[in-house]
There are 4 protein chains.
Amino acid sequence: MVTGVQTTDATETGTETVTVSVVGATGFTGGELLRLLAGHPKFDIQQATSRSAAGKSVGSKHPPLRGSGLRFTDPGDLESVDVLFVATPHGVSMDRIDEFFEIADTVVDLSADFRLDSEGQYDEWYDGHTSPEYLEQAEYALPEINRENLAGADLIAGGGCNATATILGLYPLFEHDVLAGGEQIVVDVKVGSSEGGAGGGEASSHPERSGIVRPYAPTGHRHEAEIEQFLGTSVAFTCHAVDMVRGASATAHVFPTGPVSKADLWGAYRESYEDEPFVRLAGGGSGVYRYPEPKAVAGTNYGDVGFELDPSNKRVVVFSAIDNMMKGSAGQAVHAANVALGFEETAGLEFAGLHPVGAP
Amino acid sequence: MVTGVQTTDATETGTETVTVSVVGATGFTGGELLRLLAGHPKFDIQQATSRSAAGKSVGSKHPPLRGSGLRFTDPGDLESVDVLFVATPHGVSMDRIDEFFEIADTVVDLSADFRLDSEGQYDEWYDGHTSPEYLEQAEYALPEINRENLAGADLIAGGGCNATATILGLYPLFEHDVLAGGEQIVVDVKVGSSEGGAGGGEASSHPERSGIVRPYAPTGHRHEAEIEQFLGTSVAFTCHAVDMVRGASATAHVFPTGPVSKADLWGAYRESYEDEPFVRLAGGGSGVYRYPEPKAVAGTNYGDVGFELDPSNKRVVVFSAIDNMMKGSAGQAVHAANVALGFEETAGLEFAGLHPVGAP
Amino acid sequence: MVTGVQTTDATETGTETVTVSVVGATGFTGGELLRLLAGHPKFDIQQATSRSAAGKSVGSKHPPLRGSGLRFTDPGDLESVDVLFVATPHGVSMDRIDEFFEIADTVVDLSADFRLDSEGQYDEWYDGHTSPEYLEQAEYALPEINRENLAGADLIAGGGCNATATILGLYPLFEHDVLAGGEQIVVDVKVGSSEGGAGGGEASSHPERSGIVRPYAPTGHRHEAEIEQFLGTSVAFTCHAVDMVRGASATAHVFPTGPVSKADLWGAYRESYEDEPFVRLAGGGSGVYRYPEPKAVAGTNYGDVGFELDPSNKRVVVFSAIDNMMKGSAGQAVHAANVALGFEETAGLEFAGLHPVGAP
Amino acid sequence: MVTGVQTTDATETGTETVTVSVVGATGFTGGELLRLLAGHPKFDIQQATSRSAAGKSVGSKHPPLRGSGLRFTDPGDLESVDVLFVATPHGVSMDRIDEFFEIADTVVDLSADFRLDSEGQYDEWYDGHTSPEYLEQAEYALPEINRENLAGADLIAGGGCNATATILGLYPLFEHDVLAGGEQIVVDVKVGSSEGGAGGGEASSHPERSGIVRPYAPTGHRHEAEIEQFLGTSVAFTCHAVDMVRGASATAHVFPTGPVSKADLWGAYRESYEDEPFVRLAGGGSGVYRYPEPKAVAGTNYGDVGFELDPSNKRVVVFSAIDNMMKGSAGQAVHAANVALGFEETAGLEFAGLHPVGAP
């Protein structure tokens, strides 16, 4: 126990719990949701659905749930709950959203189905949308940029992991008008293999996936849409797969069109994030971990952000690192649900990581 | 929240906390102790000593402690506390033990200095002992085999990580007299790089240490002494370094001199461990994680144990896996302190691991 | 160029080449065979068959073959050649062996189909044999134990990778009667992910396979049959998957029933291997690589062997390391073919490895 | 043997060899030089110097040299040779260059000491230069951009690994005037741990270095100087350390100021590289390895180059991958020496890599 470290006091917001189920619980994201909800003082897990593993022990799929006694339920047997977390592939939620709201008061969807504001964007970046009437109602799950709207929200749309890392890194520059506008921005992202989900084919097999620096989605990554929606600017985005399981690291190369000083930058980042429970500034300093690194946030809901000014190239280099399974999906969803339901923001998300840790 | 999952209720054993300091806090083990104590409802951290980093932020060395506000203290400035955890190299505690007891009522030492029962063993396996008068008083920190003696103990000696993995695997065979005696036992252990501690030389550098299966201490490993002390039998022990950071996996090949059935084995393991909060039996079953694996316990205080009978070779193969930084050192120490001080056994040790996770 | 390093002199055994094709060339072993044959001065590659990739460039599957211009051929279009290397799954060769001998004078089969001496062994360890009449004719591909019979052989049976590592480690003890007989022998093997072949399911996916120490085939591994056939003794065999792609490391724990000295051991190993071009003794010494390690043989056809005497446990610990794709399959097959066809033994196998190298 | 695959014919350029020694042979680069020279048909190794390991076996440090019989020589005992390869830290060669030319006719220096054209650049990017009179005479070792000047050169300056990867990727755009000028160019590089050399401190230790995506030299990397010297334009350069041992992957994000078509790009890259023995174009296509990846060139002297056009961001993304120990240092040096001395360009550099391979 240390002063300043967040701990969850179950009594603080009352002892009543809300019931919760997870749809699509065999995947990595579903498993992480269950893990977080199982350790959360306010959620009472009812069901975890899986078409392929119905009846089997949840712990046989997700080792951290071994002691939970939970078994997968057939999706057809889903019962009413207060809150429903949905971790199905893109396209499923938009088809079943009416059904979900018959079952639950609050729906937290972790797919891309409700991230974008308009049907037009789904036409451009995805294969259209089958329930566009819900788009306006949906609230993006990132409290750092959308806290006010999340309070009391009944449809929450989890952000994309790479978009989350990028937005966290760049947001202060735009929130505080550090940039004059019209900047060239390159975002070069490095991600772990869990982003590809469970299973996967030849390219995801250990012999082929180990030790790589592999360009994937070199151009036209769908997360560009989210980034542009929230920052109001386009970014040139490229993603590389590297040898880790968890983690996304975004390096943004920004070329300001006007003058920017180091003081401007520190001012903006401090103002945006100094009260945020899950964003830490890591810029320079001493020791091994001087800049944001996925290892230093592995297993946690932290987003670490740092930057350097490169005067000779008139460039700002912004580094951000998240655990794609946490701040990039399951942790972000629980954080947003905490905000929506009026719980302590950090409830269930206190884990601060390990040191040392390998390729997390 | 799930029925059956341990959660710590700070009110259960009263709300008073005890003061605690960590000596030798720059190393990996010291950092993990601080991390666990910082999240523990009953311990109130006072000081973390470091000769080399006195005055620096603890978080600059150990990323999980970034939010703690703690700074390293010079060892000469150590103040009185209720409990002192000592994570110094072997040989330091035996020289300073009198001083430690002037400062604290309870000393938990994580080195090898008080693990063995007699001065003779230190003469044989180490370089002798400078405070042999404390050996009788010291209690081995593994509650699974020493819970009764740990209650109220004032000098606790943390077990060696490889010894812990081995003892957890083999103990039920001896506790329940499954073996007739005189068995040949081979223990082949695979360990991660954190066992070598921070720093390290050429052999521990990333280019030379990556991807290895490296025999080290092929014979004569000092942990043999502990194993023999607690099991009452000798084992032929060999250790290999493999490519992970955390984790120790022990495979024991046991050749019973009398008949042993699968039912005998299940009976013994269930009886020894069914009420243990930190030992899980993992034997066969379905899914990817059918046997004990370091990955499945990474970051947790669990020891997973499983076995197979090999009738054609008249052999029992026992697998056990721990996180060497947790069940193999810092977690075991906190567990033992919980027992000694009458706290909830699982307090501060609830983390159940991550899935998926890379080379933890 | 250094005195003592083997180089291939194409003129030494004449400049004529023999024609060769590889059946089953999409898999890892088939790809490695093609790579070795493409760099071999005496083999002239005609065809590389693949049912799934017929017509496609071999380089699109196997990057080292990018410059070769080779394309996969449909297995039905296989033409006559001097030598046929077969890298199909177990069970295929035994069904097609007559057909293979219509096409080629010499068949080198890398599956398990002709490794064992008798039909009875296939009934016991596999699912029987459909062409048992070829078993007597087949010669085991390991020149270190079978060089004389390989000369002029027309059916060569590649050894299993784990069996090869084990046999290389233990053979001198039996060849030179170091052991009195009736010894207890435990063999604990650690292997890389390429042993599972291309593709693979969930357990082989990068997120689940990274950083593991996973018991697989804890008992009853089929390679026990080969080991017993060549050593004349049973071994208690257990295999673990660890985080590397290439490599097999076998640690044999041997308990001699009579007295054995270090001089006996060195004598036996030197006598067996001092003239072998592909076996190196690595026992103790200084530096980082003191014992056999898969890293130190990665990409090479070397088998490194070392040992330690453990007097207090009356044990000999033998370490051996190979690259499972080379000495454990494709390299062994080319070596055996060199012997069978009277070529320079080291032809095409001169690569001596890299330093540093990661998880090879 | 396959038509089209380069093989070295020792007789082609005559059978006489030249004598060669390596100064600074304990480091990774020195070891790789020795390995390549030992397998080269035209070089006859005389000495390998090492201050710290004089008298010891070269194989004890570099496993691939185990069979060579070579021993390290004290630097003070260096004797006359035809060619001297120097692999000492930056700053040593500039102090000893006169001495080197007393010993050898040709000096190939792998440090940064003679890479830049003018003393002013050394004042700006390094700590000045002690032998600036040699700068004009020195020829940059990359034959792809400097072949004509390398022929007959007596002082060859090996390029920096990150600069080499970057230059290979961008050179065709500049050689063939694909760009109109004034482009914004970001180069985001990912490198393995061997770039840090042998030894290394805490940040390079396995527990801290595993699984990372770590920004290092976020701005102001010295290789910017070389890149700008050869491309005639500035680049905004940032480097990340990732979890592999060998390899450098450069992703260049280029924003053309005028129109550029895919045909323009293919035209330029084909014209620059279609006759180059060590550059392969990898752009799109099918299979797992569609773009340049360090894994696919590990152990080889290849530089793989590919690109994509990103019309919506008016960007060209160029990917290039090399093995930093080969094309990025030792291999490049041997290639350059082959050109300088009139040997077959590919002599000693035929190794085409492995598949599968882990973190190389």
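A quick note: this is a predicted structure, and the numbers were derived from the prediction, not measured.

Rules and cut-offs
Residues numbered from 1 in each chain as written. Chains lettered and ligands numbered in written order. Predicted model: local features only at pLDDT ≥ 70, side-chain atom pairs only at ≥ 80, totals over all residues. Helix = DSSP H or I, 4+ residues; strand = E, 2+ residues; numbered from the N terminus. Rg over C-alpha atoms; globule rule 2.2 N^0.38 Å. Buried ≥ 20, exposed ≤ 12 C-beta atoms within 10 Å, placed from the backbone. Pairing = 2+ DSSP bridges. Axes fitted to C-alpha atoms, helices over the stretch in contact; angles between N-to-C directions. Contact = placed C-beta atoms within 7 Å. Expected span 1.5 Å × (residues − 1). Arc of directions from axis to C-beta. Domains from an automatic or database assignment. Nonpolar A, V, L, I, M, F, W, Y, C, P; charged D, E, K, R; others polar. Least-squares fit on C-alpha atoms with pLDDT ≥ 70 in both. Parallel < 35°, antiparallel > 145°, perpendicular 65-115°, else oblique. Left-handed = near helix turned anticlockwise from the far one by under 90°. Right-handed = clockwise from strand over helix to strand, strands pointing away.

### Let's talk about the overall build of chain A
On a plain count of helices and strands, chain A comes out with eleven helices and 14 strands. Taken over the C-alpha trace, chain A has a radius of gyration of 20 Å; the compact-globule value for 360 residues is 21 Å, and the two agree within 12%. The principal-axis extent of the C-alpha atoms belonging to chain A is close to 60 × 50 × 45 Å. Across the 360 residues of chain A, 63% fall into the buried class.

### As for the sheet that holds strand S10 (residues 236-242) of chain D
Residues and elements named next belong to chain D. Across the sheet, which stays open at both edges, the seven strands sit in the order S9-S10-S8-S11-S14-S13-S12 with mixed pairing between neighbours. Only two strands of the sheet have a single partner each, and these edge strands are strand S9 (213-216) and strand S12 (279-281). Adjacent strand axes in the sheet meet at a mean angle of 20° when their direction is disregarded. As paired strands, strand S8 (residues 184-191) and S10 are joined by six bridges and run parallel to one another. Paired with Asp-188 across the two strands is Thr-238, which belongs to S10. Packed onto the sheet, helix H6 (residues 161-175) meets S8, S10, strand S11 (248-255), S12, strand S13 (303-310) and strand S14 (315-322) and runs at close to 40° relative to S11.

### Comments concerning helix H9 (residues 262-273) of chain C
An α-helical turn contains 3.6 residues, so a residue and the one three or four places further along point in the same direction. Residue and element names in this part refer to chain C. End to end, H9 covers 16 Å across twelve residues, agreeing with the expected 16 Å (1.5 Å per residue, within 8%). Listed as buried for H9 are Leu-265, Ala-268, Tyr-269 and Ser-272. Angular distribution of buried residues about the axis of H9 spans 90°; they occupy a single face of the element. Among the exposed residues of H9, those oriented more than 90 degrees off its buried face are Ala-263 and Glu-271.

### Thoughts on the domain arrangement of chain A
All names here are of chain A. Domain parsing of chain A yields domain 1 (18-158 + 329-341) and domain 2 (161-322). Contact residues are listed per partner, giving 16 residues for domain 1 and 17 residues for domain 2. For the side of domain 1 that touches domain 2, the secondary-structure elements that each account for two or more residues are helix H4 (119-125), helix H5 (143-150) and helix H11 (330-341). Broken down by element, the residue count for the side of domain 1 that touches domain 2 peaks at three residues, all from H11. Of the residues belonging to the side of domain 1 that touches domain 2, the class tally is seven nonpolar, six polar and three charged.

### Considering the interface of chain B and chain C
Put simply, an interface is often sized by how much accessible area is lost when its parts join up. Each partner contributes residues to the interface: chain B has 43 residues there, and chain C has 43 residues. Breaking the side of chain B that touches chain C down by element, the ones donating at least two residues are strand S8 (184-191), helix H7 (206-209), strand S9 (213-216), strand S10 (236-242), strand S11 (248-255), helix H10 (294-297), strand S13 (303-310) and strand S14 (315-322) of chain B. Here the side of chain B that touches chain C is built from residues that sort into 19 nonpolar, 13 polar and eleven charged.

### Some remarks on the relation of the copies chain D and chain C
It takes a turn of 180° to lay chain D on chain C, together with a shift of 0.0 Å along the axis; the resulting RMSD is 0.0 Å. Expressed as a symmetry operation, the mapping of one chain copy onto the other fits a two-fold axis. Of the interface residues in chain D, 100% have counterparts in chain C that sit at the interface too, so the contact is made through matching surfaces.

### Quick notes on the interface of chain D and chain C
Facing 48 residues of chain D, the contacting portion of chain C comprises 48 residues. Among the secondary structure elements, those contributing two or more residues to the side of chain D that touches chain C are helix H1 (28-38), strand S2 (43-49) and helix H2 (58-61) of chain D. Take the side of chain D that touches chain C: its biggest share by element is four residues, from H1(D). Split by residue class, the side of chain D that touches chain C holds 22 nonpolar, 19 polar and seven charged.

### Considerations on the packing of helix H1 (residues 28-38) of chain B against helix H11 (residues 326-341) of chain B
The geometry of a pair of packed helices is captured by two quantities: the angle between their axes and the separation between those axes. Residues and elements named next belong to chain B. Relative to each other, H1 and H11 sit at 40°, their axes nearing to 8 Å. Taken together, the axes of H1 and H11 are oblique relative to one another. In the crossing of H1 with H11, the sense of the turn from one axis to the other is right-handed. Touching Thr-29, Glu-32, Leu-33 and Leu-36 of H1 are Ser-329, Ala-330, Gly-331, Ala-333 and Val-334, all from H11.

### As for the pairing of strand S1 (residues 18-23) of chain A
Residue and element names in this part refer to chain A. Pairing of S1 with strand S2 (residues 43-49) involves five bridges; the strand directions are parallel. Bridge pairing in S2 links Val-18 to Phe-43. The parallel pair S1 and S2 is bridged by helix H1 (residues 28-38), and the resulting crossover is right-handed. Sheet analysis places S1 next to strand S4 (residues 81-86), joined by four bridges and oriented parallel. When the sheet's bridge partners are listed, Ser-21 is paired in S4 with Leu-84.

### Comments concerning the environment of A:Cys161
All names here are of chain A. Among the structural elements, Cys-161 can be located in helix H6 (residues 161-175). A tally of 27 C-beta atoms within 10 Å means that Cys-161 is categorised as buried. Each C-alpha atom of the pair Cys-161 and Ala-248 lies 7.3 Å from the other, and the pair is 87 residues apart in sequence. Beyond its immediate stretch of four places on either side in the chain, Cys-161 contacts Glu-195, Ala-248, Asn-324, Gly-328 and Ser-329.

### Things to note about the relation of the copies chain B and chain C
The two chain copies are connected by a rotation around an axis plus a translation along it. The two copies are related by a screw motion: chain B maps onto chain C through a turn of 180° and a shift of 0.0 Å along the axis, at an RMSD of 0.0 Å. Comparing contact sets, 100% of the residues at the interface of chain B also lie at the interface in chain C, consistent with an isologous, same-surface contact.

### A short note on the environment of B:Asp127
Residue and element names in this part refer to chain B. Tracing the backbone shows Asp-127 in the loop between helix H4 (119-125) and strand S6 (139-140). Given 9 C-beta atoms within 10 Å, Asp-127 falls into the exposed group. Placed 36 residues apart in sequence, Asp-127 and Gly-91 show a C-alpha to C-alpha distance of 8.8 Å.

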